[in-house]
Amino acid sequence: MPHKSSGELLLQKEKGTAKKAESFYKNQVRLSLNEKMREFISNQTMAFIATSGSDGDCDCSFRAGEPGFIKVLDKNTLIYPEFRGNGVFASLGNLKENEKLSLLFIDFVYDQVGLHINGTGKIFNTDDLRSALKEKGYPLFSEKIKSAGKIEYWVWVTVEEAYIHCSKHIIKMVPEADSRALNWGTDDFKKKKGGFFHTKALK
């Protein structure tokens, strides 16, 4: 049964869209990932991840990697790496307090369509991930993990629902040569444009 918040039901009644919404729930929302969704995720190089802490404060963050950096284990399970960042751990900190999370994948280049995934996330270090994968009979991805010196944690996502983000307002982007390798994973303040918004305190 798709999640239906009391707020959205109230607004559907107010605007007279309950029938339209019910059609969306029935035809688009799935409680697990079908084959097309799994294929779509395996081709993506970016995702937006939303979390909130126990106090309700929210965080939305961007993640990127090579195609398939977010790995689908089965129709209800995927894992993604948390690369070394600014040391704040806003997303992971929220997951420590509240396991609920949402992921949004958008293909701006080819199909111009998106996929929402809602579920729960649990934090693993690499050794614990290996143990969990082995225990549940999943592939170990050993080569990827061995070369993942910049990965600090992994997040194990249990999918509760998945549904389309239609192409209506998704703009078309034309890919260029991937320049991320030049500064990928850098901690250099200038190279990662840490001063772009001029927020650093003046001395």
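Let me begin by describing the structure that accompanies this report.

Thresholds applied
- Residues numbered from 1 in each chain as written.
- Predicted model: local features only at pLDDT ≥ 70, side-chain atom pairs only at ≥ 80, totals over all residues.
- Heavy atoms only, no water.
- Buried < 20%, exposed > 50% of the residue type's maximum accessible area, 1.4 Å probe, protein only.
- Helix = DSSP H or I, 4+ residues; strand = E, 2+ residues; numbered from the N terminus.
- Arc of directions from axis to C-beta.
- Contact = heavy atoms within 4.5 Å.
- Salt bridge = Lys/Arg side-chain N within 4 Å of Asp/Glu carboxyl O.

### Details of helix H4 (residues 90-97)
In an α-helix, one full turn covers 3.6 residues, which means residues spaced three or four apart are oriented alike. Listed in full, the buried residues belonging to H4 are Ser-91, Leu-92, Asn-94 and Leu-95. Mapping the buried residues of H4 onto a view down its axis gives an arc of 155 degrees, with all of them on the same face. Turned more than 90 degrees from where H4 packs its buried face, Lys-96 and Glu-97 sit exposed. In this fold, the buried residues of H4 make contact with strand E1 (46-52), strand E2 (58-64), strand E4 (77-83), strand E5 (100-107), strand E6 (113-124) and strand E7 (151-165).

### Quick word on the pattern of salt bridges
As enumerated under the stated definition, the model contains three salt bridges in all. Between Arg-63 and Glu-82 there is a salt bridge, and its shortest N-O distance comes to 3.1 Å. Residue Arg-63 is found in strand E2, and its partner Glu-82 is found in strand E4; the two are separated by 19 residues along the sequence.

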